[in-house]
Amino acid sequence: MAHPKSRISKQRRNKRRTHYKAETPTLSTCSNCGAAVEYHRVCPECGYYRGKLAIEKAVNA
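All of the points below concern the structure found in this document. Computed from a predicted model, the values in this text were never measured in an experiment. (Residues numbered from 1 in each chain as written. Predicted model: local features only at pLDDT ≥ 70, side-chain atom pairs only at ≥ 80, totals over all residues. Heavy atoms only, no water.)

Cys-30, Ala-35, Val-37, Cys-43 and Cys-46 form the largest nonpolar core, which has 5 residues in total. Leaving out residues up to four positions away in the same chain, Cys-30 has contacts with Ala-35, Val-37, Cys-43 and Cys-46. (Core = buried A, V, L, I, M, F, W, Y, C linked by side-chain atoms within 4.5 Å. Buried < 20%, exposed > 50% of the residue type's maximum accessible area, 1.4 Å probe, protein only. Contact = heavy atoms within 4.5 Å.)

A volume near 220 Å³ is recorded for the largest pocket. If you trace the largest pocket, you find 15 residues lining it, with Ser-28, Val-37, Arg-41, Tyr-49 and Arg-50 closest to the centre. Mapped by element, the contributors of at least two residues to the lining of the largest pocket are β1 (27-29), β2 (36-38) and β3 (48-49). A breakdown of the residues in the lining of the largest pocket according to their chemical character gives 7 nonpolar, 5 polar and 3 charged. (1 Å grid on protein atoms, 1.4 Å probe; cavity = no way out; pocket = protein on both sides within 12 Å on 5 of 7 lines; lining within 4 Å. Points joined across faces, edges and corners; volume = space filled by probe spheres on them. Helix = DSSP H or I, 4+ residues; strand = E, 2+ residues; numbered from the N terminus. Nonpolar A, V, L, I, M, F, W, Y, C, P; charged D, E, K, R; others polar.)

Here's what the structure looks like:
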């Protein structure tokens, strides 16, 4: 079983983890309604994806 020879300092550990960070999602505009939408996702406003109706949105009256 692996056993470390010496303790890794917090600074050395954190240097290795500098690239582990959350990225902001890439947004585009919906071609149907113009709302901001994440790439490869159905528009939450109108339910369209790539110019076609993917989800029928319920109308609250």
